[in-house]
Amino acid sequence: MSVVMLEKCRENIQKQLDNVVDFWLKYSHDRVHGGFFTCIGRDGNIYDELKYVWLQGRQVWMYCRLYRTMDRFHKPEILEAAVAGGAFLRKFARVSNSSGQWKCAFCLTRDGKALKVQRTIFSECFYIMAMDELSKVTGDKDMQLEAEQMMEQLIYWVQVDPSGLGRPQLPGEVPINSLSVPMMLMCLVQQITEGRGQEVSQKYKELGIWCVQQILQHIQRAGTAILENVSVDGSELPGCQGRLQNPGHALEAGWFLMLYGAQWGDKEIQRTAIRNFVELPYQYGWDKEHGGLFYFLDVDGHCPTQLEWSMKLWWPHCEALIAFLMAYNHTRKPELLEIFSEVYQYTFSHVSCGTRQRVIFFWLRVSMRKSLFYSPLR
């Protein structure tokens, strides 16, 4: 891929981002109850009024980041939408669990009543991202404090006592290290410490190191596989759970590790990220016959237990686009840019128009964290 073609990619993404933001500003805002609709047809019609906390948090984050970092989105209507979305989250997303700790709902009714709570940390993760980014835009110290307090609760659940998540401890259950958990905690460390100064960076430095150690445990079979689940001591688990691979998660973890390596000047982590978490998942995850990344795989070639394993979802391709462009930025190896081009061509020729809006929206949401992502596009 030439520099000229890379610039055309950037121009296309920029144009589609403008279209996506216009679409969400026009159709997603609930002007009666607050918050955002997320089940929206291509014509703008709402086909389900439920409000998912993951997506509420992501949209608040996105509006704030656009407003804060890109001049053409520094508009009062975008800031107002972010503030209104944050108010809806603060009012309705948090629910108290049996031990009195704050848990975030997974799904809310249109008027904010909690409908479903998951026994995971991920609603809280996106709540933290929204509150922290909103505090950076508005200067609201209470929001920043709230984000950090919920972050401390997540750390406690993950590292000390998970009972607050609501999952019963069953006699046959084996503790596992699931890649998604340290990966998301690393994402939050990068979010909370960005622009906060040395004191905040040092506060979360130990947690960042722990996240890296936990993520690296997923390099298995003498470096030939990234497994989604391993034991807490880093050993391979038996059965389908232990053989599971998720190429999208591995690629996502890869570019988080690259950011970590860039922040702390750790070149070895950057090399490991590119070799094991970017190039390797592409090698085993890319469908060589039809193109695209598989959703799940079994490392031994068995049929995964997830029935949707062979689907080509939009989000793993977003992670691949970010990871390979960032890897190219670090190394300037032309073969990495060629893979970026392959993923780009597949994504924009196969993903439907409506889903492509979510591709651009999600890609820009995560990729705008660090300016280094954009340097090869300038």
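As annotated in an unreviewed UniProt entry, the protein chain carries the name N-acylglucosamine 2-epimerase and is attributed to Oreochromis niloticus. Recorded in UniProt for the protein chain, the comment headed Sequence similarities (unreviewed entry) runs: "Belongs to the N-acylglucosamine 2-epimerase family." Under the heading Catalytic activity (unreviewed entry), UniProt records this for the protein chain: "an N-acyl-D-glucosamine = an N-acyl-D-mannosamine".

Describing the overall build of the protein chain
Along the backbone of the protein chain there are 14 helices and 13 strands. In terms of overall dimensions, the protein chain is globule-like: its C-alpha atoms have a radius of gyration of 20 Å, near the 21 Å expected for 378 residues. For the protein chain, the C-alpha atoms occupy an extent of roughly 55 × 55 × 45 Å along the three principal directions. Taken across its 378 residues, the protein chain has 57% of its residues classed as buried. Of the contacts made within the protein chain by residues no fewer than 6 positions apart, 65% connect residues no fewer than 24 positions apart. Put simply, the protein chain shows about 16700 Å² of open surface, and 53% of that area lies on carbon and sulfur atoms.

As for unusual backbone geometry
Note: most peptide bonds trans; most residues except glycine with negative phi. In this structure, Arg-221 is a non-glycine residue whose phi angle is positive, near 55°. You can see Arg-221 is positioned in the loop between strand 9 (219–220) and strand 10 (225–226). Residue class for Arg-221 comes out partly exposed when judged on its relative accessible area of 32%. Even without glycine at this site, Arg-332 takes up a positive phi of about 60°. Mapped onto the secondary structure, Arg-332 falls in the loop between helix 12 (314–331) and helix 13 (334–350). The exposure class assigned to Arg-332 is partly exposed, which follows from its relative accessible area of 45%.

Remarks on helix 13
Taking 1.5 Å of rise per residue, 17 residues should cover 24 Å, and helix 13 covers 24 Å from first to last C-alpha, within 8% of that figure. Within helix 13, the full set of buried residues consists of Leu-336, Leu-337, Ile-339, Phe-340, Ser-341, Val-343, Tyr-344, Tyr-346, Thr-347 and Phe-348.

Comments concerning the domain arrangement of the protein chain
Looking at the protein chain, the domain boundaries give domain 1 (28–164) and domain 2 (175–365). Placing a centre on the C-alpha atoms of domain 1 and another on those of domain 2 gives a separation of 24 Å. Taken together, the 25 residues of domain 1 in the interface contact 22 residues of domain 2. Both sides together, the interface formed by domain 1 and domain 2 hides about 2300 Å², and carbon and sulfur atoms give 67% of it. Inspection of the region where domain 1 meets domain 2 yields five salt bridges. Note that Glu-194 is salt-bridged to Arg-68, the shortest N-O span being 3.7 Å. At the boundary of domain 1 and domain 2, one finds nine residue pairs in polar contact (both at pLDDT 80 or more).

Overview of the environment of Gly-164
Structurally, Gly-164 can be placed in the loop between helix 5 (141–159) and strand 8 (176–178). In the structure, Gly-164 is positioned ten residues away from Leu-154 in sequence and 9.6 Å away in space, judged by C-alpha atoms.

Observations regarding the state of the cysteines
All chains considered together, the criterion is met by zero disulfides. Looking at the unpaired Cys-64, the closest cysteine sulfur is the one in Cys-187, lying at 15 Å. Judged by its relative accessible area of 1%, Cys-64 falls in the buried class. The closest cysteine sulfur to the non-disulfide-bonded Cys-104 is located on Cys-125, 9.6 Å from its own sulfur.

Focus: the packing of aromatic side chains
Tallied over the full model, the rule gives 17 aromatic pairs. When the ring of Tyr-52 is compared with that of Phe-106, the centres are 5.7 Å apart and the planes differ by 65°; the resulting orientation is edge-to-face. With Tyr-52 in strand 3 (residues 51–52) and Phe-106 in the loop between strand 5 (102–104) and strand 6 (107–108), the pair connects residues that are 54 residues apart, well separated along the chain. Between Phe-294 and Trp-309, the ring centres sit 5.7 Å apart and the planes meet at 40°, which makes this aromatic pair tilted. Separated by 15 residues along the polypeptide, Phe-294 in the loop between helix 11 (267–285) and strand 13 (297–298) and Trp-309 in the loop between strand 13 and helix 12 bring together distant segments of the chain. Note on Trp-309: relative accessible area 25%, which makes it partly exposed. Note that Arg-94 overlies the ring of Trp-102, its terminal NZ or CZ placed 5.3 Å from the centroid. Directly above the ring of Phe-294 sits Lys-312, whose terminal nitrogen or CZ lies 5.2 Å from the centroid.

With respect to the side chain of His-218
Here His-218 is to be found in the loop between helix 8 (205–216) and strand 9. When its relative accessible area of 0% is taken as the criterion, His-218 is described as buried. If sequence neighbours within four positions are ignored, His-218 has contacts with Asn-177, Ser-178, Leu-179, Ala-225, Ile-226, Leu-227, Glu-228, Asn-229 and Val-230.

A look at the environment of Cys-104
Relative to the assigned elements, Cys-104 resides in strand 5. Given a relative accessible area of 1%, Cys-104 falls into the buried group. Between the alpha carbons of Cys-104 and Phe-92 there is a distance of 8.8 Å; along the sequence they are twelve residues apart. Not counting chain neighbours up to four residues away, the residues in contact with Cys-104 comprise Ala-93, Arg-94, Val-95, Val-117, Ser-123, Glu-124, Tyr-127 and Met-150.

Rules used in this analysis
Residues numbered from 1 in each chain as written. Predicted model: local features only at pLDDT ≥ 70, side-chain atom pairs only at ≥ 80, totals over all residues. Heavy atoms only, no water. UniProt positions renumbered as here; feature names shortened; annotations may be inferred. Helix = DSSP H or I, 4+ residues; strand = E, 2+ residues; numbered from the N terminus. Rg over C-alpha atoms; globule rule 2.2 N^0.38 Å. Buried < 20%, exposed > 50% of the residue type's maximum accessible area, 1.4 Å probe, protein only. Contact = heavy atoms within 4.5 Å. Areas by Shrake-Rupley, 256 points an atom, 1.4 Å probe, with all protein chains shown as cover. Expected span 1.5 Å × (residues − 1). Domains from an automatic or database assignment. Buried area = accessible area lost by both parts, 1.4 Å probe. Salt bridge = Lys/Arg side-chain N within 4 Å of Asp/Glu carboxyl O. Polar contact = N/O pair within 3.5 Å; in protein donor to acceptor, adjacent residues only side chain to side chain. Disulfide = S-S within 2.5 Å. Phe/Tyr/Trp six-rings, centres within 6.5 Å; stacked < 30°, edge-to-face > 60°. Lys NZ or Arg CZ within 6 Å of the ring centre and 35° of its normal.

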